[in-house]
Amino acid sequence: MDSVGTNMQKSVSLAMPTGGSVLIRSGFYEGLEVNLDRDWIVIGRGRGADVVLAEATISRAHAAIGFDQGAFFVQDLGSTNGTTVNGAKAERHQLKNGDEVRMGRLVIGIKLPD
């Protein structure tokens, strides 16, 4: 009997859940809601960002909302004014439902699926 395949390990896939979104809570874009439908979404004022916002206090590619290893996170992309989560400076931070992310003067509410 051939032993090929007997040592194969099963890969565990952590699929990104649907139903997550970010909601702009202040400024010109207040009320804008963006679905978290990809595992990496860049927010900034530059044309290369996935979510382009003409806000002078955010960088061209300010931060990204991502999904990895079963959890959503925010990651600052070397922005000038930084990124905070619930008032604390964050380079990379795992997100929870209801968190508040600030990028410059931009305030974003996080809505995650159960």
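Below is a short write-up of the structure. Remember, predicted model here, so these are calculated numbers, not experimental data.

The helix and strand inventory of the protein chain stands at 0 helices and 11 strands. Counted from the first residue to the last, the protein chain has its helices and strands arranged as β-β-β-β-β-β-β-β-β-β-β. Sorting the 114 residues of the protein chain into buried and exposed places 39% on the buried side. Pairs at least 24 apart in sequence give 35% of the contacts found in the protein chain among residues at least 6 apart. Of the roughly 7,300 Å² of accessible surface on the protein chain, a fraction of 48% belongs to carbon and sulfur atoms.

Let's shift gears to the pattern of salt bridges. Side-chain pairing between opposite charges can occur once the charged atoms of the two side chains come close. A complete count under the given rule lists 6 salt bridges for this structure. Notably, a salt bridge pairs D37 with R38, separated by 3.5 Å at the nearest N-O pair. Given the relative accessible area of 40%, R38 is considered partly exposed. Note that D68 is salt-bridged to R92, the shortest N-O span being 3.9 Å. Taken together, the residues D68 in strand 5 (residues 63–68) and R92 in strand 9 (residues 92–94) connect sequence positions 24 residues apart. With relative accessibility at 47%, the residue R92 sits in the partly exposed group.

In this section: the sheet that holds strand 7 (residues 83–85). In space, the 6 strands of this open sheet follow the order 2-1-11-10-7-8, with antiparallel pairing throughout. For this open sheet the edge positions go to strand 2 (33–35) and strand 8 (88–89), each flanked by a neighbour on one side alone.

Relative to the elements of secondary structure, H62 occurs in the loop between strand 4 (51–52) and strand 5. Residue classification places H62 among the buried residues on the basis of a relative accessible area of 0%. A distance of 3.0 Å separates the side chain of H62 from the backbone nitrogen of S59, its partner in a polar contact. When near neighbours in sequence (up to four residues on either side) are disregarded, H62 contacts I43, G44, T57, D76, L77, S79, G82, T83, M103 and G104.

Taken together, the 5 strands give an open sheet; going across it, the order is 4-3-5-6-9, and neighbouring strands pair in mixed fashion. Because the sheet does not close on itself, it has two edges, and the strands there are strand 4 and strand 9. By the bridge criterion, 4 bridges tie strand 3 (residues 40–44) to strand 5 in an arrangement that is antiparallel. Bridged to I41 within strand 5 is I65.

So, on to the nonpolar core. Grouped together as the largest cluster of nonpolar side chains are 23 residues, with contacts concentrated most on I65, V74, L95, V101, M103, I108 and I110. Elements supplying a minimum of two residues to this core: strand 1 (21–24), strand 3, strand 5, strand 6 (71–76), strand 10 (100–103) and strand 11 (106–111). For L95, the contacting residues outside a window of four places in its chain are I65, F72, F73, V74, V85, V101, I110 and L112.

When we look at a pair of aromatic rings, we describe it by the centre distance and by the angle of the planes. Under the criterion given, the structure shown has 3 aromatic pairs. Taken together, a centroid distance of 5.1 Å and an interplanar angle of 85 degrees make the contact between F28 and Y29 edge-to-face. Its relative accessible area of 76% is what places F28 among the exposed residues. Accessibility expressed as a relative area gives 21% for Y29, which makes it partly exposed. Of note, R92 hangs over the ring of F73, and the distance from its end group to the ring centre comes to 3.6 Å.

Reading the values: the criteria
Residues numbered from 1 in each chain as written. Predicted model: local features only at pLDDT ≥ 70, side-chain atom pairs only at ≥ 80, totals over all residues. Heavy atoms only, no water. Helix = DSSP H or I, 4+ residues; strand = E, 2+ residues; numbered from the N terminus. Buried < 20%, exposed > 50% of the residue type's maximum accessible area, 1.4 Å probe, protein only. Contact = heavy atoms within 4.5 Å. Areas by Shrake-Rupley, 256 points an atom, 1.4 Å probe, with all protein chains shown as cover. Salt bridge = Lys/Arg side-chain N within 4 Å of Asp/Glu carboxyl O. Pairing = 2+ DSSP bridges. Polar contact = N/O pair within 3.5 Å; in protein donor to acceptor, adjacent residues only side chain to side chain. Core = buried A, V, L, I, M, F, W, Y, C linked by side-chain atoms within 4.5 Å. Phe/Tyr/Trp six-rings, centres within 6.5 Å; stacked < 30°, edge-to-face > 60°. Lys NZ or Arg CZ within 6 Å of the ring centre and 35° of its normal.

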